[in-house]
Amino acid sequence: MSDLINAALVRLDTALGSDKDAVIRALARVVADAGRATDVDQLVEDVFAREAKSATGLPGGIAIPHCRTSGVDEPTLAFARLRPAVDFGAKDGPADLVFLIAAPAGGDNTHLQLLTKLARALVKPAFTDALRAAATPDEVVALVSDVVDAEPAPKQAAAPAAATPVPTAKRSLVAVTACPTGIAHTYMAAEALEAAAERAGVDIAVETQGSAGSTPLSPDTIAAASAVIFAVDVGVRDRGRFAGKPLVSSSVKRPMDQGDAMIAEALRLADDPTAPRVEGGGADSGSGAGAGTAGESWGGRTRRVLMTGVSYMIPFVAAGGLLIALSFLLGGYEIVGPYGDIAVDNTIFDLPDPQALGLDHALFGSGLAVYIGALFFIIGKTAFMLFIPALAGYIAYAIADRPGIAPGFVMGGLAANLFNVQSGGGVALPATGFLGAIIGGVLAGVIAHWVAGWKVPTWMRGLMPVLIIPLFTSVVAGLLMIMVFGKPIGWLMNQLNDGLNSLNGSSAILLGVILGLMMAFDMGGPLNKVAYSFAAAGVGGAALASDAPQLKIMAAVMLAGMVPPLALALATVVRPGVFNQAERENGKAAWALGASFITEGAIPFAAADPLRVIPAIMAGSAVTGGLSMALDVGIRAPHGGIFVLFAVSNIIGYLIALVAGTLVGAAAVIALKSIGAKDPELVEDRELATV
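Residues numbered from 1 in each chain as written. Predicted model: local features only at pLDDT ≥ 70, side-chain atom pairs only at ≥ 80, totals over all residues. Heavy atoms only, no water.

> Got a minute to help me understand the overall build of the chain in this structure?
Each helix and strand counted, the chain has 24 helices and 12 strands in total. Within the chain, the fraction of its 691 residues that count as buried is 50%. Counted over contacts in the chain with a minimum sequence separation of 6, partners at least 24 positions apart contribute 74%. Surface summary for the chain: the accessible area is close to 29,500 Å², and the carbon and sulfur share equals 63%. (Helix = DSSP H or I, 4+ residues; strand = E, 2+ residues; numbered from the N terminus. Buried < 20%, exposed > 50% of the residue type's maximum accessible area, 1.4 Å probe, protein only. Contact = heavy atoms within 4.5 Å. Areas by Shrake-Rupley, 256 points an atom, 1.4 Å probe, with all protein chains shown as cover.)

What follows is the structure in C-alpha cells.
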C-alpha cells in the first residue's frame with residue numbers, strides 16, 4: 001500500500017506544534033514534502049473546514065483530522081506519534097496518535113474503502129497499542145498496510161451451550177452511521193456499535209452511509225429488528241424505511257464513547273410502548289443514489305424516488321400555505337391585490353389604511369394586521385413557489401445523489417415557469433406543474449447519474465460534481481423539457497384544471513371518495529402522497545372564491561387523511577378488548593396525530609393487522625372525502641388539521657364530515673377485529689385480568 005502511506009509520511013515521537021491547528025499544518029507540509037499534495041494551502045483549508053464542523057479527537061488518545069479535497073490527487077495518510085500530546089477535542093484528553101486522512105474530491109471508491117478499513121481498526125486497542133510500540137516508520141507502514149489489505153473476517157454466530165435452549169427469536173437491532181465527509185467517523189461508529197452489540201449478545205446490522213458507498217439494509221433485516229440506532233451528523237438517507245421502529249438517535253461520535261450504553265438504551269426502548277419512534281415519511285427521509293436496496297425492484301425504486309421528492313416538498317407547502325392562510329386571516333382575502341404596495345410604501349411605524357385600500361375584511365380593521373398580513377403573504381407565496389422546484393430537485397437527488405440536486409431544481413423551476421417567460425402577446429411558456437416536476441426530476445436524475453459514471457482524467461474529477469454534471473444535465477434535461485415535454489404536459493394540466501372547474505354534484509362526490517380511499521390505503525405512502533400533492537398544488541393557484549374546486553379538494557384530502565388515526569384512537573377507547581396493550585398505548589398518541597393531519601399515526605395498527613385495519617380506515621376516509629365534497633367544505637391551508645379552522649369555509653360541514661368518517665372507521669375496525677383469528681396477546685391479557 002505504498003500509494004496510501006509510506007515511510008516519508010510518518011513522524012514518530014515528534015513535536016509538531018502546541019495546538020491542533022499547528023499539527024494539521026505540519027502534517028499537511030509532510031504530505032507536500034512527500035510529493036503527495038498538489039495544493040497544500042487548499043488541503044489545510046479543507047481540513048480546517050471539516051474540523052470546524054466537529055472535533056476529530058477520539059477516546060484513547062487518537063485524532064483523525066480528515067477531508068475530501070482538491071489539494072491531493074490520490075488518497076493519502078500522514079501519521080504522527082506526538083510528544084507531547086495535543087488536544088483535538090476528545091473528552092478524555094489530548095491525542096498522541098494523529099492520522100491526517102486526505103481523500104481526493106473526485107476520487108473513486110476503491111481507495112475510499114481502504115480508508116474505511118483503517119477507520120474501523122482505529123477503535124481496536126490492539127491496533128493502537130501496536131502503533132504506540134512501533135520503533136520505525138516502516139513498522140507503522142506495515143501495520144497500516146496489514147489493516148487495509150486484510151479481508152474482513154466472516155462473522156459467525158456463537159454456538160449456544162449444550163445446556164442452554166436455542167431462543168426462538170433472538171433480539172436484533174439495526175443502525176445507520178454517517179458523518180459529513182463519510183470517511184472516518186462513519187465507519188468507526190459502526191465498528192464501535194458492532195463490538196458493543198457482540199458484548200451484549202445481540203445481533204446488529206449497521207448501514208454505513210459514507211463516501212465509499214452504502215450497502216443498504218434489506219427490508220427483512222429492518223422488519224426483524226427490535227429497534228434502530230441513528231448515529232449521524234447528517235440526514236439519514238431513505239429514513240422512511242425505518243418508520244415505526246423505536247429510535248435511539250445521537251451524533252456519530254457517541255458510539256465511540258458510549259457504545260454499550262446505546263445498545264442497552266435501544267433494547268430498553270424496544271420494550272417501551274411509549275418510546276420515540278422513527279416517523280413515517282419524515283422530512284429527513286431523503287435518499288441518495290446509493291440508498292436503494294440491492295436488487296431493488298422497479299416498483300420499489302419508483303416508490304423510493306417519489307417519496308423522497310414529496311417528503312422534501314411538504315415543508316415548503318406546509319409553511320408557505322399556512323402563511324398564505326394567515327395572511328388572509330389578518331388582511332382579508334383582498335390582500336392579494338395591494339400586498340406589494342403595502343410592503344414597499346408602509347412600515348411598522350407608518351401603517352396602511354385598510355379602508356383606503358379596499359380591505360373590508362381585515363382583522364378588526366387594523367392597519368397593523370394588514371401590514372403583517374401583507375408580509376406573511378409575500379413570505380408564504382415565496383415558499384409556496386419553491387415547492388415544485390423542491391419536488392423535482394429531490395427526486396433527482398434520490399436518483400443521482402447530490403450532483404442531481406441543482407439540475408433537478410432547474411427542471412422544477414421550468415415546470416413552475418418561475419422566470420415567468422412569456423411572449424409579447426402575453427402567452428406564457430407552459431407551466432407543467434407537479435407532473436412536470438416529477439418528469440423533470442426523473443430526467444435530471446437519470447442524466448446526472450449517467451454522467452457521474454463517466455471515466456474521466458484525474459484532473460477532471462474535482463470538476464465533475466460542481467461543474468460538469470450540473471451544467472451538462474441542466475442543458476440536456478432543460479432542452480428536453482422545453483422542446484419535447486413542455487407543451488404536451490401543459491395541455492394535460494389545462495385539461496385537468498378544466499375538468500376540476502366543471503365538477504359538480506355526483507362527480508365531485510365521487511372524486512372525494514376516491515381521494516379518501518387513496519389517503520387511507522397506504523397512510524403516507526405513494527398513493528397518499530400523490531393525492532396530497534394533487535390537492536396542495538391546487539391551493540397555491542386557487543381562485544379567491546370560497547367555492548373554488550381546488551379548495552374543496554384540499555379539504556377532502558385533509559379531512560380524509562385525519563380519519564385513520566382518529567378512528568383507531570376512538571376504537572381503542574370504545575372496545576379496548578380487541579386491541580393489545582401496545583396498540584392501546586398507540587391509540588393515545590393517535591388522537592393528537594390525527595387531529596394534526598398526520599395519517600402515519602395509523603401505521604402501527606395497520607402493520608400489525610393490515611387485512612382488518614386497512615379496509616376499515618379506507619371506508620371511514622371514503623365517507624369523509626365524499627361528505628366533504630357534498631357539503632362544499634373548502635380550506636385554504638394545505639396542512640394543520642383542526643389547528644387551521646380559521647382557514648376553513650363551512651366549519652359545520654367540516655366537522656360533520658370528520659366525525660362521520662371517524663365513526664364509520666372506528667365501527668368498521670371494531671367489527672372486523674371482533675371476528676376471525678384472535679391475537680394471542682389479547683388472550684393473555686384476558687387471562688391476567690381474571691387472575
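And the narrative resumes.
> Would you take a moment to explain the packing of helix 1 (residues 20–33) against helix 2 (residues 40–53) for this structure?
The description of two helices packed together rests on the angle between their axes and the distance between the axes. Two elements in contact, helix 1 and helix 2, have axes whose closest approach is 10 Å; the angle formed by their N-to-C orientations is 145 degrees. As for how helix 1 packs across helix 2, the hand of that crossing is right-handed. Taking contact as the criterion, the partners of Lys20, Asp21, Ile24, Arg25, Ala28, Arg29, Val31 and Ala32 in helix 1 are, on helix 2, Val40, Leu43, Val44, Val47, Phe48 and Glu51. For the contact of helix 1 with helix 2, the residue count by class is 9 nonpolar, no polar and 5 charged. (Axes fitted to C-alpha atoms, helices over the stretch in contact; angles between N-to-C directions. Left-handed = near helix turned anticlockwise from the far one by under 90°. Nonpolar A, V, L, I, M, F, W, Y, C, P; charged D, E, K, R; others polar.)

> Explain the packing of aromatic side chains to me, please; I cannot follow it from the model alone.
What describes a pair of aromatic rings is the distance from one ring centre to the other and the angle between the planes of the rings. Counted according to the given criterion, the structure contains 13 aromatic pairs. For the pair Tyr394 and Tyr397, a centre-to-centre distance of 5.9 Å together with 90 degrees between the ring planes defines the contact as edge-to-face. Placement of the pair is Tyr394 and Tyr397 together in helix 12 (residues 387–400), with a separation of 3 residues, close to one helical turn. Ring geometry for Tyr394 versus Phe409: centroids 5.8 Å apart, planes at 80 degrees, classification edge-to-face. Remark: Phe409 occurs in helix 13 (residues 405–415) and Tyr394 occurs in helix 12; sequence separation between them is 15 residues. Taken together, the ring pairs connect Tyr312, Tyr394, Tyr397 and Phe409 into an aromatic cluster. (Phe/Tyr/Trp six-rings, centres within 6.5 Å; stacked < 30°, edge-to-face > 60°.)

> What is the right way to look at a nonpolar patch on the surface in this model?
A contiguous nonpolar patch, built from Trp459, Leu463, Val466, Leu467, Leu471, Val475, Leu479, Ile482, Met483 and Val484 and spanning about 1,000 Å² of accessible area, is present on the exposed surface. Here the nonpolar patch gets 8 residues from one element, more than from any other, and that element is helix 16 (residues 464–501). Within the fold, Leu463 resides in the loop between helix 15 (458–461) and helix 16. (Patch = residues over 30% accessible without salt bridge, like charges linked within 9 Å, V, L, I, M, F, W, Y side chains within 5 Å. Salt bridge = Lys/Arg side-chain N within 4 Å of Asp/Glu carboxyl O.)

> What is the right way to read the pairing of strand 6 (residues 95–104) from this model?
It is a general feature of regular strands that their side chains alternate between the two faces of the sheet. With 10 of 10 residues buried, strand 6 is to be regarded as a mostly interior element. Where strand 3 (residues 62–63) lies against strand 6, 2 bridges are found, and the strand directions are parallel. Residue pairing for strand 6: Ile62 is matched across the bridge by Leu97. Across 7 bridges, strand 5 (residues 76–86) lies against strand 6 in antiparallel orientation. Residue pairing across strands places Arg81 opposite Leu97, the latter belonging to strand 6. (Pairing = 2+ DSSP bridges.)

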